[in-house]
Amino acid sequence: MKNIIQKIYTKDKKQLVKDILDTYKKESYLVVNFIYFALFYKSILKLKDISYITSLEKSNFLLPDGIALRTYLDKKFHIKADNLNGTDFTPYLLDNISTSQTHIAFYTVYDNNI
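Because the structure is predicted, anything quoted here is derived from the model rather than measured. (Residues numbered from 1 in each chain as written. Predicted model: local features only at pLDDT ≥ 70, side-chain atom pairs only at ≥ 80, totals over all residues. Heavy atoms only, no water.)

**Quick notes on the packing of aromatic side chains**
- On inspection of all chains with the given rule, the structure shows six aromatic pairs.
- Arranged with centres 5.9 Å apart and planes meeting at 65°, the rings of Y9 and F61 form a pair that is edge-to-face. Of the two residues, Y9 is situated in the loop between helix 1 (2-7) and helix 2 (13-27) and F61 in strand 2 (residues 61-65); the sequence distance between them amounts to 52 residues. Taken individually, Y9 and F61 each receive the classification buried, so the pair is uniform in this respect.
- Here the aromatic residues F37, F40, Y41, Y72 and F77 are joined through ring pairs into a cluster of three or more. (Phe/Tyr/Trp six-rings, centres within 6.5 Å; stacked < 30°, edge-to-face > 60°. Helix = DSSP H or I, 4+ residues; strand = E, 2+ residues; numbered from the N terminus. Buried < 20%, exposed > 50% of the residue type's maximum accessible area, 1.4 Å probe, protein only.)

**Quick notes on a nonpolar patch on the surface**
- On the surface, a nonpolar cluster with roughly 320 Å² of combined accessible area is contributed by Y29, V31 and Y107.
- Structurally, Y29 can be placed in the loop between helix 2 and strand 1 (32-36).
- For Y29, a relative accessible area of 54% puts it in the exposed group. (Patch = residues over 30% accessible without salt bridge, like charges linked within 9 Å, V, L, I, M, F, W, Y side chains within 5 Å. Areas by Shrake-Rupley, 256 points an atom, 1.4 Å probe, with all protein chains shown as cover. Salt bridge = Lys/Arg side-chain N within 4 Å of Asp/Glu carboxyl O.)

**Observations regarding the nonpolar core**
- In terms of nonpolar packing, the biggest core is built from 15 residues, with I4, I35, F40, I44 and L56 touching the most fellow members.
- Every element with two or more residues in this core is listed here: helix 1, helix 3 (37-46), helix 4 (50-57) and helix 5 (67-77).
- With sequence-adjacent residues up to four places away left out, I35 is seen in contact with I4, F40, I44, Y52, L56, L62, L63, P64, D65 and L69.
- Of all hydrophobic cores here, the second largest spans ten residues; its members include L16, I20, L63 and L93. (Core = buried A, V, L, I, M, F, W, Y, C linked by side-chain atoms within 4.5 Å. Contact = heavy atoms within 4.5 Å.)

**Digging into helix 2**
- The end-to-end C-alpha distance of helix 2, which contains 15 residues, comes to 20 Å, matching closely the 21 Å that a straight helix rising 1.5 Å per residue would cover.
- Listing the buried residues of helix 2 in full gives L16, V17, D19, I20, T23 and Y24. The arc enclosing the buried residues of helix 2, seen along the axis, measures out at 165°, which places them on a common side. Among the exposed residues of helix 2, those oriented more than 90 degrees off its buried face are K14, K25 and K26.
- For helix 2, the secondary structure elements touched by its buried residues are strand 1, strand 2 and helix 6 (86-95).
- Where helix 2 terminates, the next one or two residues include S28, which has phi positive at roughly 75°. (Expected span 1.5 Å × (residues − 1). Arc of directions from axis to C-beta.)

Right, dumping it as C-alpha cells:
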C-alpha cells in the first residue's frame, strides 16, 4: 500500500497536464488511473487485491477522486491532494492538449468499456 500512497498525485491540474504531456513525449504512452475511496478501501485495504494494486503501481499517474479519499489521505498520511476526479479533470485535460498529436483511450472498470 505504501507504493500506492506515494504515487498519488498531489500537484494541481495545471501542473498535471504539463507532467502528462512531458511523460507522453518521453515515453510515447502513459497510464492515468483515478482512484476513489470506496474502491481504495475495498480493493486495497480490505481485500488486498494484488492485481488491482499492481495495475495502480504500474500507472504513470494516480489521481485522487473525491473528498473522501482526500480526507483519508490528509488525516492518515498528512498528504494534501487536489480533487482530480475524472468528470472535472478529463474535460480540462482535453481542452488543454493538442488532440491531433496525442492519442487517447478511455476505459472504465465496468463491463461496457469505452
